Protein chains: 2
Amino acid sequence: MAPSSNVDVLIIGAGPAGVMAGNALASAGVNVRIVDKRPAKVMAGQADGIQPRTIEVFQSYGLARRLIERGNQMHSLAFYNPRKDGKGVERTSRVPDVTAPSARYRFEVTLHQGEIEAIFLDSMREHGLEVERPIVPESIEISEDVEELASKDSYPVKVVLRHLADATLETAPNGVHTNDIDPAIESSSSSLETVHAKYVLGADGAHSFVRGSLGIELEGEHTDHVWGVVDCVPVTDFPDIRNRTAIHSDFGSCMIIPREGDKVRLYVQIAEELQVDEHGRKDRSAVTPEKVMEMAKRSMQPFNLEFPDKPEWWTCYVIGQRVAKNFSVKERVFIAGDACHTHSPKAGQGMNASMNDSHNLAWKLAHVLRGWASPELLKTYELERRKYARDLIDFDKKLADLFSGKAVTTENATGVSHKEFQGLLQSMGGFTSGIGIQYAPSLITDPTAQSLAPGLVIGQRFLPQVIIRVADTRPYEIQDLLVSDTKWKVVFFVGDPKEEKQQAVINAVGEHLLCSKSFARRFTPKGAAQDAVFTLLTVSSTSKDDADYTDIHPGLRTHWSKAFTDDLAIDGRAGGTAYTTYGINPSSGAVVCCRPDGYVSFVCSLQDVTSGRLEEYFGCFMVGASA
Amino acid sequence: MAPSSNVDVLIIGAGPAGVMAGNALASAGVNVRIVDKRPAKVMAGQADGIQPRTIEVFQSYGLARRLIERGNQMHSLAFYNPRKDGKGVERTSRVPDVTAPSARYRFEVTLHQGEIEAIFLDSMREHGLEVERPIVPESIEISEDVEELASKDSYPVKVVLRHLADATLETAPNGVHTNDIDPAIESSSSSLETVHAKYVLGADGAHSFVRGSLGIELEGEHTDHVWGVVDCVPVTDFPDIRNRTAIHSDFGSCMIIPREGDKVRLYVQIAEELQVDEHGRKDRSAVTPEKVMEMAKRSMQPFNLEFPDKPEWWTCYVIGQRVAKNFSVKERVFIAGDACHTHSPKAGQGMNASMNDSHNLAWKLAHVLRGWASPELLKTYELERRKYARDLIDFDKKLADLFSGKAVTTENATGVSHKEFQGLLQSMGGFTSGIGIQYAPSLITDPTAQSLAPGLVIGQRFLPQVIIRVADTRPYEIQDLLVSDTKWKVVFFVGDPKEEKQQAVINAVGEHLLCSKSFARRFTPKGAAQDAVFTLLTVSSTSKDDADYTDIHPGLRTHWSKAFTDDLAIDGRAGGTAYTTYGINPSSGAVVCCRPDGYVSFVCSLQDVTSGRLEEYFGCFMVGASA
């Protein structure tokens, strides 16, 4: 009989969405397993662009440094268009690649997918989690039993896993990438296992088995845009070969994405109509890497472009733009990443969207599994991420159409103007950087008192700012205090405690927090550490020369390291603009709740705290002793 | 018969000076051994302050990150003096701890010595070097043979080492720290080894065996100042317990040095006259940790200070202020660190002076061992570091006297005024931070053309500035290009190559560099990589929007990553002030030579390059094919 076991969370797929979820859950101490059908991690090629918001997310898990150190940084975006004299292309402009002014990292990072996944695999290993491979799911069933589904102690999802003996990935002779397992190999292996899970995450890619088994439909369709991609080390006199560069030439479009070391990724639009095969798929076998390189070469004239070596990796794909109708079934099985949405890679969104799906879901699973929050919380995953995926597809359609369109020239007046193309990219900077993403009002996102901190948009990520730790005048990026540790951060902008009147307000808040009915006590499990669920931070408006951490009431200050002030750092390089940037009154202050994933979810006044507003807010979804 | 072997460099002692040298030489690929008498690395206590310049040096070896992450940062310096009402002390002021405006890191780091040494031990291990312990030197002899001493292939230093079987450090019952090996244990072990070395570095501490064996005398003397030190985790309402704080009270002086975590180091002046023992040493056995803590407590009144736990470490010492008469014998044996100089720990200079001794010496040894430079180069070690050590003792005397003096009060008008004390600390900011250290003119330090770059003081470390890499607009701290890799960095400030006239000047320099007689070719060994000895960098004054790395002549641009420009970074946070700060004319430019240890050593014009000025400069000490 096949072995059988229980697990709290089973993750199927160890691509970007899977490893982000695996790492987040493992580092939170959740009982989790992660399986993947590939016998080893990806070594080259595949998706590789990390957006500014995703770098912030990496940083919140302590993983940004390795990404930034090993990856290539893209700071500038260059545009090339046909010269008036018809002799090839010339630079039209060079502009910042990231235009979102509040981005903490004003660049994108490119690094091959294997290296990015390795960052997570190494971190997971430190938390005792390894990817089990090669393993494929055979079946997945969710219990129909209402009681079982409602119980927090049940394991209502049954998954049968097949352990493959020595499966290898099928590699198409033309280099077209595929994750399909050779069916012959698949059936020849004999080891089966049954897993009973509380929750399952299907992070198993565009051809998701989990999505298919549960009958979740995709909306949208394939387009006619066919692209060829090569990873290479070119020899060239093209001056922008190390910048992200969009070339519109009379010989087609080309996108340059510089990579780590001297590597470059080239995207070229394949102009020809391709044959359709018996499965209704475009036959990409006519496309060769030589053809792709030749097209890139022609689009870059009059500059030279040579390829002394064979390309390290290459592929050819038809753009699909589709979103799953549902991201969850009964809030027991979820899908994330390419299983939910597919789109073109040129906007560099794929891996980012995937990882942020998991980042959104992981803390919610941890909360419900620990009994901290009601299972209702899990409904916000689809609400928040499906809306984002649809917006992404809309943006991608516009971009793909513009990019595939020929440039405006004297011969082709109806083509895409440089102005139009650059305009779209620049206007969508908040979206493409991931910085502007705003989650809709819900159980956890309450924009009622937005006016108390208009600069901290409720539903958006907490805006970076440098603040000063009072006790030792050390500057801190506030985002580095709002880490992804599954805890809520409640930031008390307390004004100036050196003002007698304000000191009284602060003391009243402190006294309130010491009461057993306060949110921090009520929603923290009995016997757990005082700060197990909530981290309380204070940010005063006192000058650093006068501020004393001992001025903050003990109810608000659990440790000397939790008291900050908004002033210029000693080195004068940053700081002193938090109250202004957030739009918070430096006399009366405000209280801002930040979700465990770094998004602003609620704002109220200091007076609201003593009248129980925080208990009311958290009471909507947190489970308390006296709830 | 005892085993015998050869080694290029033998380092005796694995304290701060020893591990800095070991790591520098091992990472340079030099054949090196390092031995230490302690059976294991230091676990607590001892020296622990790292100055801004030393952090820059750590960074140049790629080691600053771990130091900064694990250590405590001191940004502010607070002063407490007696209240007018006689009821204890109050804060007089809180000022920046680091006042050197050009410091890249505007703070000091405190971390216990064992953790600091571990940074180097781990790095050394990556380069294949482990400390051999417990081992003590038995004898050291330098050959008298003139020919042997002059030969670059000889091993003229003979050291007999004793491998200790199971030695343990002698621990005095009163907690006084000692490195002395119990003589009984020492003689009972039987394993001897003979090492023949090209060079020996004695980094074996204040009681240096190497210094003693070679008869190098110490100049200076012990003082009457006796200090007690405790490492503890206090419970207190003293608001500046996390800042470096100097307290002058009517009950004595106390210095607070915050440490990693919640730990604090307290220095207290022991007021009583101590007995002198039979060896002429002050008898410190009357001092107990309880006494030290009681004195700290009294000096901090009216604030509370409690010690719930026993101190983690404590000691008591008499300040000695001495400098060795020589730092080298025949440029075959060198001493570094406490073996050369001892002084009070309050200025936090000890470990910094020690590490910077080795940092100064290591690249010189590597150059001479590789046959790149004449052995004359090694004479600059004593010249540069002994001058610094003497300046340090002078500063330390002033500081110790001021700090030991009582505060000015109504009863004690002749005491030390707050103004006087703060004044000394602030005015010496360049010195205490290590930033202002300037090496005297010598074979390698030629200030003739200082006026071409008055902001880059010849003999001082290369001033930090953010510059922009042309090819990808990525900002770089120039210090991160001037790494401690034993290579010379020649920085060509080329002006604007988009100006036709300047382009011609640049091209002439590029052509010159391609000639076989150019310094870069002449002083790079045949068969070695083109950039084995010299790294060539260019910094233009072109705007980043227009700059093309392809504008730089191939003789000056060995790779796209070596061309930079002086402009504001894309994120607007830094950059664009290099030419101004360095005082270099943005039209005509200048050439700046930076030593492998990061110190500016020579400046000339671009025109000087074509007339052979660089060949002349390097020809003074480098050994070339045609020299």
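Residues numbered from 1 in each chain as written. Chains lettered and ligands numbered in written order. Predicted model: local features only at pLDDT ≥ 70, side-chain atom pairs only at ≥ 80, totals over all residues. Heavy atoms only, no water.

As annotated in an unreviewed UniProt entry, chain A is FAD binding domain-containing protein from Calocera cornea HHB12733.

Draft legend 1. Quick look at the sheet that holds strand β22 (residues 466-469) of chain B. All names here are of chain B. Spatially, β23-β22-β26-β25-β24-β27-β28 is the arrangement adopted by the seven strands of the open sheet, whose pairing is mixed. Every interior strand has two partners, whereas the edge strands, β23 (475-477) and β28 (600-604), have only one. Going across the sheet, the axis of each strand differs from the next one's by a mean of 30°, ignoring polarity. Relative to strand β25 (residues 534-540), strand β24 (residues 488-495) runs parallel, the two being bridged by seven bridges. Following the sheet pairing, Trp488 is matched in β25 by Phe534. In the packing of helix α13 (residues 500-514) onto the sheet, the strands contacted are β24 and β25, and the crossing angle to β24 comes to about 155°. (Pairing = 2+ DSSP bridges. Helix = DSSP H or I, 4+ residues; strand = E, 2+ residues; numbered from the N terminus. Axes fitted to C-alpha atoms, helices over the stretch in contact; angles between N-to-C directions. Contact = heavy atoms within 4.5 Å.)

Draft legend 2. Quick peek at the confidence of the model for chain A. Residue and element names in this part refer to chain A. The share of residues in chain A with pLDDT of 70 or more is 90%, and the mean pLDDT across the chain is 90. Across residues 167-181, confidence stays below pLDDT 50; counting only partners more than four residues off in sequence or on other chains, it has 30 contacts. Here the predicted complex scores 0.92 on pTM and 0.89 on ipTM. (pLDDT = per-residue confidence, 0-100.)

Draft legend 3. Highlighting the relation of the copies chain A and chain B. Mapping chain A onto chain B is achieved by rotating through 180° and translating by 0.0 Å along the same axis, at an RMSD of 0.0 Å. The transformation relating the two chain copies, once decomposed into turn and shift, fits a two-fold axis. Distance from the rotation axis, computed per C-alpha, reaches its smallest value in chain A at Arg573 of chain A: 4.3 Å. Mapped onto chain B, 100% of the interface residues of chain A are again interface residues, and the two copies thus contact each other with one and the same surface. (Least-squares fit on C-alpha atoms with pLDDT ≥ 70 in both.)

Draft legend 4. Inspection of the side chain of Ser328 of chain A at higher detail. Residues and elements named next belong to chain A. On the secondary structure map, Ser328 appears in strand β19 (residues 328-329). Of note is the side chain of Ser328, whose polar atom sits 3.1 Å from the backbone nitrogen of Glu331. Look past the residues within four positions of Ser328 in its chain and what remains in contact with it is Val333, Phe334 and Glu382. (Polar contact = N/O pair within 3.5 Å; in protein donor to acceptor, adjacent residues only side chain to side chain.)

Draft legend 5. Just the sheet that holds strand β24 (residues 488-495) of chain A, in detail. Residue and element names in this part refer to chain A. Strand order in the open sheet made by the seven strands is β23-β22-β26-β25-β24-β27-β28, with mixed pairing throughout. Strands at the two margins of the open sheet, each flanked by one partner only, are β23 (475-477) and β28 (600-604). Across this sheet, the average inter-strand angle for adjacent strands is 30°, counted without regard to direction. When strand β22 (residues 466-469) meets strand β26 (residues 563-565), the two strands line up antiparallel, connected through two bridges. Considered in β26, the bridge of Ile468 is made with Thr565.

Draft legend 6. Structural detail: the interface of chain A and chain B. At the interface, 40 residues of chain A touch 40 residues of chain B. Carbon and sulfur atoms make up 40% of the surface buried where chain A meets chain B, a total of about 3,300 Å² over both sides. Of all residues in chain A, the largest losses of buried area upon contact with chain B belong to Arg94, Arg474 and Ile570 of chain A, amounting jointly to 17% of the total for that side. Seen at the junction of chain A and chain B, the total is six salt bridges. Of the charged contacts in the structure, one is a salt bridge between Arg94 of chain B and Asp548 of chain A, with a shortest N-O distance of 3.1 Å. Our enumeration of links across chain A and chain B arrives at 26 residue pairs in polar contact (both at pLDDT 80 or more). Along the lines of polarity and charge, the residues of the side of chain A that touches chain B split into twelve nonpolar, eleven polar and 17 charged. (Buried area = accessible area lost by both parts, 1.4 Å probe. Salt bridge = Lys/Arg side-chain N within 4 Å of Asp/Glu carboxyl O. Nonpolar A, V, L, I, M, F, W, Y, C, P; charged D, E, K, R; others polar.)

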